[in-house]
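Listed below, chain by chain, are the residues.
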Amino acid sequence: IMMFDNSKIQMSSIDKNNKIRLPVNLTADLAYLIGVHIGDGSMNYYRYKNDYRISYTGHLIDEYDWYINLLVPIIINLFNKNPKVRKVIRPRKNSVELYMRSKGILQFLHNGIGLPLGPKINLKIPKLILNSDRKIKKCFLMGLADTEFCVTFKKRNKDTHYYPVIEYSTSDYLLMESVIELLREFGISGYVLKKYQTKRNNSILSTNQLHLNGENNLMKWMNIIGFKSEKHLTKIEFWKKFGMCPPNTNLLERRMILNGELDVHSYYY
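Figured I'd write up the structure that's included with this text. Please read all numbers here as calculations on a predicted model, not as lab measurements. (Residues numbered from 1 in each chain as written. Predicted model: local features only at pLDDT ≥ 70, side-chain atom pairs only at ≥ 80, totals over all residues. Heavy atoms only, no water.)

### Describing the packing of helix α8 (residues 214–224) against helix α9 (residues 230–242)
Between α8 and α9, the shortest axis-to-axis distance is 13 Å and the interhelical angle comes to 130°. Taken as axis vectors, α8 and α9 run oblique relative to one another. You can see that α8 and α9 cross each other, and the crossing is left-handed. Touching Glu 215, Leu 218, Met 219 and Met 222 of α8 are Leu 233, Ile 236, Trp 239 and Lys 240, all from α9. Classifying every residue of the contact of α8 with α9 by side-chain character gives six nonpolar, no polar and two charged. (Axes fitted to C-alpha atoms, helices over the stretch in contact; angles between N-to-C directions. Helix = DSSP H or I, 4+ residues; strand = E, 2+ residues; numbered from the N terminus. Parallel < 35°, antiparallel > 145°, perpendicular 65-115°, else oblique. Left-handed = near helix turned anticlockwise from the far one by under 90°. Contact = heavy atoms within 4.5 Å. Nonpolar A, V, L, I, M, F, W, Y, C, P; charged D, E, K, R; others polar.)

In structure tokens, the structure reads:
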């Protein structure tokens, strides 16, 4: 078991008063949070305010419940810290934000785990994940997939969206390479587009994409890695029930259709 030497990590007086604790070994929960952090997380030290801030941002409708019911308990369990969660309403995009302030937790994630401060550039999967056992690697991949992967269903040559695809897209080439390498250890491989050019808001973006196509790949993913986020799980449940899943539904709509409160066919007529 990977053990941490936390002797050089400084706790602020507020951390001590709040009885913040730091993990002493690499657990399934911590591996999952590391995956989530690489996906949705950011942290920085703002010297002028002496502010040690860690935050996670997700889709308001699809991820609010997951933030409250899964992410908050994990953080409490790992650090004895109750983070704040708020709804951020903006003209173009509504989001959920989870944030906390702690010198000790920030130093642990940065110095102990190796997660970056500020912009997440040239990311790689942390060595302590790569050097760990299969269970830890699976939990890391699940955390990353819950935040960054997308489950979609394509029409291909039919009238309904029946063909499952798990997609992962990142502009960070090194991160994509290390994710592909890790997935290979579990016998999972897909179609890869490297440095694929897309247009958004009149600017050219270069992304790297991984596509796990078809039912066999979806079943293999669910059997080996799986998801915890309802935004993915409800799509798969939907597809199993109806043999398809239309695009552009949100979590609340999928719940209503699965509960028989909304007609699935209204999305096609």
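Let's pick the thread back up.
### What about the packing of aromatic side chains?
One pass over the full model with this rule turns up 10 aromatic pairs. Between the aromatic rings of Tyr 162 and Tyr 163, the centroid separation amounts to 6.1 Å while the plane-to-plane angle is 65°, which identifies the pairing as edge-to-face. A relative accessible area of 19% means that Tyr 162 is categorised as buried. Of the residues examined, Tyr 163 reaches a relative accessible area of 18% and is grouped as buried. An angle of 55° between the planes, with centres 5.0 Å apart, marks the rings of Phe 238 and Phe 242 as tilted. Of this pair, Phe 238 and Phe 242 are both found in helix α9, four residues apart, which corresponds to roughly one turn of the helix. (Phe/Tyr/Trp six-rings, centres within 6.5 Å; stacked < 30°, edge-to-face > 60°. Buried < 20%, exposed > 50% of the residue type's maximum accessible area, 1.4 Å probe, protein only.)

### Brief notes about the pattern of salt bridges
A full pass over the atoms with the stated rule returns 10 salt bridges. Across the pair Asp 65 and Arg 255 runs a salt bridge whose closest N-O atoms are separated by 2.8 Å. Separated by 190 residues along the polypeptide, Asp 65 in helix α3 (residues 60–79) and Arg 255 in helix α10 (residues 251–258) bring together distant segments of the chain. Judged by its relative accessible area of 28%, Asp 65 falls in the partly exposed class. The exposure class assigned to Arg 255 is partly exposed, which follows from its relative accessible area of 23%. Put simply, Glu 185 and Lys 137 hold a salt bridge, and the shortest N to O gap is 2.7 Å. One end of the pair, Glu 185, is in helix α7 (residues 173–185); the other, Lys 137, is in helix α6 (residues 134–148), and 48 residues separate them in sequence. When salt bridges that share partners are traced, they join Arg 53, Arg 86 and Glu 97 into one network. (Salt bridge = Lys/Arg side-chain N within 4 Å of Asp/Glu carboxyl O.)

### Observations regarding the sheet that holds strand β7 (residues 191–200)
On the basis of which strands lie adjacent, the open sheet formed by four strands has the order β5-β6-β8-β7 and antiparallel pairing. The sheet terminates laterally at β5 (149–154) and β7, the two strands that pair on one side only. With strand direction ignored, the average angle separating the axes of adjacent strands in the sheet is 35°. Most of the contacts of α8 go to strand β6 (residues 163–170), to which it runs at about 65°, and overall it touches β5, β6 and β8 (203–213). (Pairing = 2+ DSSP bridges.)

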